[in-house]
Amino acid sequence: MADDPEVPSGPIATATLIGHDGAEQAFLETAAAQRMPHAWLLSGPRGIGKMTLAYRMARFQLSGGGDGGLFGGPDSLQMAPEHDVFRRILAGSLGDLQVIERTLNEKTKKMRGDIVVDQIRALGRFYSMTSAEGGWRVAIIDGAEEMNPNAANALLKLLEEPPENSLLLLVSHAAGRLLPTIRSRCRHLALRPLAEADAMAVLAQQAPEMDEGERLGLVRLAEGSPGRALAMGAEGGLQAYDELLKLVRNLPELDFAAVHALGDRLNRANNEAAYRVWIDLLRLWLSRLARGGAGLGGMSDAVAGEVALAGRLTGAVGLDRWVELWEKIGGLAMRAERVNLDRKQVVLNAFMALQSTARH
């Protein structure tokens, strides 16, 4: 459910964090100067509208440049839903646009874990064809970091010799996982999450039945990502997070009767989804705890008392220990997934590790 926000490092640190308006302006200025890069990388946390921006860029380019602004040039990527390009993309009938993402494995009937090389080879064939409309050919790769090594190498070859009038938009939730050589061949726009007020406005529009207090808690928990906030709300994430904070508020003391009851509940046959939500939330809390203690962005209560608890715990135990615990619990969850460990035991082990860390 919840992804850990990417902390820029290495080459990623050189990408300036900007909002959607800044990203649109950068694209418009490049188009107006007729210096369109053949590839753009749109990175940032899940749920902040990267795919929405990619589609706006694609529609703009495929329509020949928008409707014009105050001084003749377009001043926005906005396109009316009645526009022919908008309607055809929505219907999936515009041949000059291709979208690549993970696909269904026909044998297992499950989604593949990665984007495979055959999909990127098909992209090469797509670009080699003449545009059906006589203009640009545009492709979007959704979740570019999910390309397997062979697919990534095939894409790199394509980027080294880009066809004329071709535009590639890479959407990535974890750009640090992409090959440095791929990143270096793209214009990189690292998008920041929405401001709290803007994210609240999106949730008010998308979930009008939700009360304002719940919207505020979800926005803060999702750290400015409306998509994540909506997903958390649908999964009861805020209520589960409140329950988690109540269990850990007296650390290093723990109510193990309550922990055992939680483990029993999550271990039921029909509660696998709830178990995954809990593990995700536990790691999210540790991530917020560590980053808040390190002063990486102002931390606000997603549920009452969260900031005070974080201050007490990070004041008593070094940040490195909490980061180490975050990694340990992530590894525990992955091992449990691989060997199908008892879910209750995973929960008990995680809380015992929490208690052990808080005592040092």
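Criteria and thresholds
- Residues numbered from 1 in each chain as written.
- Predicted model: local features only at pLDDT ≥ 70, side-chain atom pairs only at ≥ 80, totals over all residues.
- Heavy atoms only, no water.
- pLDDT = per-residue confidence, 0-100.
- Contact = heavy atoms within 4.5 Å.
- Phe/Tyr/Trp six-rings, centres within 6.5 Å; stacked < 30°, edge-to-face > 60°.
- Helix = DSSP H or I, 4+ residues; strand = E, 2+ residues; numbered from the N terminus.
- Buried < 20%, exposed > 50% of the residue type's maximum accessible area, 1.4 Å probe, protein only.
- Lys NZ or Arg CZ within 6 Å of the ring centre and 35° of its normal.
- Axes fitted to C-alpha atoms, helices over the stretch in contact; angles between N-to-C directions.
- Parallel < 35°, antiparallel > 145°, perpendicular 65-115°, else oblique.
- Left-handed = near helix turned anticlockwise from the far one by under 90°.
- Nonpolar A, V, L, I, M, F, W, Y, C, P; charged D, E, K, R; others polar.
- Core = buried A, V, L, I, M, F, W, Y, C linked by side-chain atoms within 4.5 Å.
- Expected span 1.5 Å × (residues − 1).

(A) Molecular detail of the confidence of the model for the protein. On average, residues of the protein score 87 in pLDDT, and 92% of them reach the 70 mark or higher. Residue range residues 1-16 is modelled with pLDDT below 50. Its contacts to residues more than four positions away, or to other chains, number 32 contacts. The model gives residues 66-72 a pLDDT under 50, and that stretch makes 7 contacts with residues more than four places away or in other chains.

(B) Here's a closer look at the packing of aromatic side chains. Inspection of every chain in the model, using the stated rule, returns 3 aromatic pairs. Relative to Trp40, the ring of Phe27 has its centre 5.2 Å away and its plane inclined at 50°; by these criteria the two rings are tilted. One end of the pair, Phe27, is in helix H1 (residues 20-32); the other, Trp40, is in strand S2 (residues 39-43), and 13 residues separate them in sequence. Residue Trp40 is classed as buried on the basis of its relative accessible area, which comes to 0%. Look at Phe27 and you get buried, because its relative accessible area is 0%. Members of the aromatic cluster, connected to one another through ring pairs, are Phe27, Trp40 and Phe60. One residue, Arg283, lies across the ring of Trp326, its end atom 4.3 Å from the ring centre. Arg343 extends its terminal NZ or CZ atom over the ring of Tyr275, reaching a point 5.8 Å from the ring centre.

(C) Highlighting the packing of helix H12 (residues 272-293) against helix H15 (residues 343-358). Orientation of H12 relative to H15, taken along the N-to-C sense of each, is 15°, at an axis distance of 11 Å. Looking at the two axes, H12 sits roughly parallel to H15. Here the hand of the crossing between H12 and H15 comes out left-handed. Touching Glu272, Tyr275, Trp278, Ile279, Leu282, Trp285 and Leu286 of H12 are Arg343, Val346, Val347, Ala350, Phe351 and Leu354, all from H15. Looking at the contact of H12 with H15, its residues break down into 11 nonpolar, no polar and 2 charged.

(D) Structural detail: the nonpolar core. Core analysis: the biggest nonpolar cluster contains 53 residues, and Tyr241, Leu244, Val248, Trp285, Trp322, Phe351 and Leu354 have the highest contact counts within it. The leading source of residues in this core is H12, at 10 residues. Contact partners of Tyr241, with chain neighbours within four places excluded, come to Leu221, Leu281, Trp285, Arg288, Ala302, Val303 and Glu306. Judged by nonpolar contacts, the second largest core, of 28 residues, contains Leu53, Ala54, Leu77 and Met79.

(E) Spotlight on the environment of Ala234. Mapped onto the fold, Ala234 is located in helix H9 (residues 226-234). The sequence separation of Ala234 and Ala310 amounts to 76 residues, and the corresponding C-alpha distance is 26 Å.

(F) Looking closely at H12. Here H12 contains 22 residues, and its C-alpha end-to-end distance of 32 Å stays within 8% of the 32 Å for a straight helix at 1.5 Å per residue. Of all 22 residues that make up H12, 16 are buried, and the element is covered over most of its length.

(G) Looking closely at helix H5 (residues 149-160). Under the 1.5 Å per step criterion, the end-to-end length of H5 is 17 Å for 12 residues, consistent within 8% with the ideal 16 Å. On its buried face, H5 is in contact with S2, helix H4 (117-128), strand S6 (137-142), strand S7 (166-172) and helix H6 (180-183).

(H) Just unusual backbone geometry, in detail. Pro252 follows Leu251 through a cis peptide bond whose omega is 10°. One non-glycine residue with positive phi stands out, namely Gln34, at about 55°. Note that Gln34 resides in the loop between H1 and S2. A residue is classified by how much of its surface remains accessible, and Gln34, at 74% relative accessible area, is exposed. The phi torsion at Asn165 lies on the positive side, around 50°, for a residue other than glycine.

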